[in-house]
Every structure is written in structure tokens, then in C-alpha cells.
Amino acid sequence: VTRLLEAGDHEVRAFTDEMDALDYLGRDADVDALLTSVELGRMSGLELCWQARIVTGDRRPLYIIVMSSNYERGHLIEALDSGADDFIGKPPVIEELYARLRAASRVVSMQRDLIRLASTDPLTGSLNRRAFFRLAGEACDRAVSGKPLSAVMMDIDHFKKINDLHGHDVGDAVLRGVAAEAMRVENAVFGRLGGEEFAMVLEGRSAAQAHVIADGLRVLMTTLRF
């Protein structure tokens, strides 16, 4: 199967151990598709489907194809109920395998677009309020171990005056410009809370380090021209 996939210009990572596959799946967010056999070692292919869905969660697109030489309808239904998206015979027919992977690519592309639209503020490109608080909450959970965690609040002064004097198009340009500069901060969770209010969560940074970052951004904002 690996040779068939590589011949079709697919990048392949092959595993003979289910736990190794799950570990890699958790570490590499660029994995688009999982092709698994029903008959495995320590866990069945259907158990692997369940575990893969848990590892990737609902914020990563993943298309799962189950291979089996058992074509019974009950077997197919069980595979789909276990989290599989598609079912293919084993050994796979090369043309059919490629066609199913092309279909997987279309679905994953649409899923990725939907996830992006659901988590991104359409005006500034930063995280929207919902996505920001979800990721900030996860950062807070990780900080329970004692690692430093800081938050920065940002608000554009006299923003209503900008809209009143220059129009909302200029106001939108100001919001985009401010967000673009803030999103340059590395390893930061940054989002628009609403209106002209933004927030940033900085994992592994102390309050003093966050103050330096915030003040640097404040000075940088004064140089922006619209």
C-alpha cells in the first residue's frame, strides 16, 4: 500500500504499531488522511478510528479510510460508526484507491476552510472571541503545573472618533493594521474580543516579560499611519 501511495505522489508515513501511529498523529498537525486495516495487532482498526478521532478532536480535519477483505454490510456499518469516512477492499485496487484519496482531499479542504471560518475574525484575520477564549482556557489549564502565563489587554483609544471623522472604511483599516502588528508576536494567542478590543495570552512569559512586549507594541502602534 505504501508503494501504491508513493507512486501516486502521496507523502506516506507507515506504521506497524498502532500506538506509534497515534503518537505521530498527535504530533503532526499536517496529516490529512489515515488509511488503516481492520486487522491490526494490539487494537483493531476500528479502535484505531475511535482513538484517532479523540487525538485530532474537532479542530483538525482528518479523513479515515478503513481497509478490509470482509465486505459484509454489518462490517461496513461498524466501520463507519467507529469514525471511518470511507471503506475500501483489501488489497485495494490502485485506481479506486487514488479516486477515494482525491475525494478525501476535497472533503479535507472544505473541512479546513470551515474550521478557519469558525475560528477567525473576518476583518482582522486574528482569532475570533470564541476561539480566543477556548485556546486561552487551554493555556490556563497547562499553566496549572506552575509555568508562567501572562495576558495583555489592548484597546484603541478614541476609536469612535476615527470612525466619526474618517468613516468606517478607515476604522476597519486601523483595526487590521493594529491586529497585523500584534500577530507578529511569536508564540502568542491573539484575538479580537469585539469592537476595538483585543487580547493576547503569552505562555511561558512572566508579567515583566509581558510588560516589555506590551509596551513595545504600544510604541509600535504610535508609528502607524492610515
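In this convention, every chain numbers its residues from 1, walking through the sequence in written order. Totals for whole chains, interfaces and linings use every residue, but because this is a predicted model, local features are given only for residues with pLDDT of at least 70 and side-chain atom pairs only at 80 or more, for both listing and counting. Here the side-chain values reflect all heavy atoms present in the structure, with hydrogen atoms and water set aside.

Next up on the list: the pattern of salt bridges. When the charged atoms of two side chains with opposite charge come close together, those side chains can pair. Think of a salt bridge as a Lys or Arg side-chain nitrogen and an Asp or Glu carboxyl oxygen that are within 4 Å of each other. Counted under the stated rule, the structure contains 12 salt bridges. For the salt bridge of Arg218 with Asp215, the shortest nitrogen-to-oxygen distance reads 2.8 Å. One end of the pair, Arg218, and the other, Asp215, are both in helix H9 (residues 207–221), three residues apart, so they sit about a helical turn from each other. Summary of the burial criterion: residues with accessible area below 20% of their type's maximum are buried, those above 50% are exposed, and those between are partly exposed, where the area comes from a 1.4 Å probe applied to protein chains only. Exposure remark for Arg218: the relative accessible area of 48% places this residue in the partly exposed category. Residue classification places Asp215 among the partly exposed positions, given a relative accessible area of 33%. If you follow the salt bridges from partner to partner, you end up with Asp86, Glu96 and Arg100 in one network. The helix and strand labels rest on DSSP assignments: H or I over at least four residues marks a helix, E over at least two residues marks a strand, and numbering proceeds from the N terminus.

Before going further, it helps to examine unusual backbone geometry. Here the residue pair Lys90 and Pro91 is connected by a cis peptide bond, since its omega of 0° sits within 30 degrees of zero. With respect to the helices, strands and loops of the structure, Pro91 is situated in the loop between strand E3 (86–89) and helix H5 (94–119). Phi is positive for Asp9, which is not a glycine, with a value near 65°. When you line up the elements, Asp9 lands in the loop between helix H1 (2–7) and helix H2 (18–27). Unusually for a residue other than glycine, His158 sits at a positive phi of about 55°. Inspection of the secondary structure assignment puts His158 in the loop between strand E4 (149–155) and helix H7 (159–166). The exposed category is assigned to His158, whose relative accessible area is 61%.

Before going further, it helps to examine the sheet that holds strand E6 (residues 197–203). For sheets, the rule is that strands pair by backbone hydrogen bonds, running either parallel or antiparallel. Two strands form a pair only when DSSP identifies at least two bridges running between them. With respect to topology, three strands assemble into an open sheet ordered E4-E6-E5, the strand pairing being antiparallel. Every other strand in the sheet has two partners, leaving E4 and strand E5 (188–194) as the edge strands with one partner each. This sheet shows a mean twist of 20° between the axes of neighbouring strands, independent of strand direction. Of the strand pairs in this sheet, E4 and E6 are connected by seven bridges, and their pairing is antiparallel. The residue bridging Ser150 from the neighbouring strand is Leu202, located in E6. Contacts: residue pairs with any heavy atoms within 4.5 Å of one another. Angles run from 0 to 180 degrees between N-to-C directions of axes, and those axes are lines fitted to C-alpha atoms, restricted for helices to the stretch in contact. Here helix H6 (residues 129–142) sits on the sheet and contacts E4, E5 and E6; the angle it forms with E5, its principal contact strand, is near 140°. Its contacts with the sheet place H9 against E4 and E6, and it is angled at close to 25° to E4.

Relative to the elements of secondary structure, Ser150 occurs in strand E4. Classification of Ser150 by relative accessible area gives buried; the value is 8%. Among the polar contacts listed, one links the side chain of Ser150 to the backbone oxygen of Ser206, at a separation of 3.1 Å. One polar contact links the side chain of Ser150 to the main-chain amide nitrogen of Ala207, over a distance of 3.4 Å. Not counting the four nearest positions on each side in its chain, Ser150 is found in contact with Met200, Val201, Leu202, Arg205, Ser206, Ala207 and Ala210. In protein, a polar contact requires one atom able to donate a hydrogen and another able to accept it; more generally it is a pair of N or O atoms within 3.5 Å, and residues adjacent in sequence count only if both atoms are side-chain atoms.

Along the chain, Glu203 falls in strand E6. Glu203 sits 129 residues away from Gly74 along the chain, and the two C-alpha atoms are 48 Å apart. Each residue touching Glu203, except ones within four places of it in the same chain, is listed here: Ala139, Arg142, Pro148, Leu149 and Asn187. A distance of 2.7 Å separates polar atoms of two side chains, one belonging to Glu203 and the other to Arg142.

A separate point is the nonpolar core. What makes a nonpolar core is a set of buried Ala, Val, Leu, Ile, Met, Phe, Trp, Tyr and Cys residues whose side-chain atoms join them at distances within 4.5 Å. With 19 residues, the main nonpolar core has Met154, Val178, Phe198 and Met200 as its most contacted residues. When contributions to this core are tallied by element, the ones reaching two or more residues are E4, helix H8 (168–182), E6 and H9. Top contributing element to this core by residue count: H8, with five residues. Every residue in contact with Phe198, bar those within four places of it in the chain, is listed here: Thr124, Val152, Met153, Met154, Ile156, Leu175, Val178, Ala179, Phe190, Gly191, Arg192 and Leu193. Counting residues in each nonpolar core, the second largest holds 15 residues, with Tyr24, Val31, Leu62 and Phe87 among its members.

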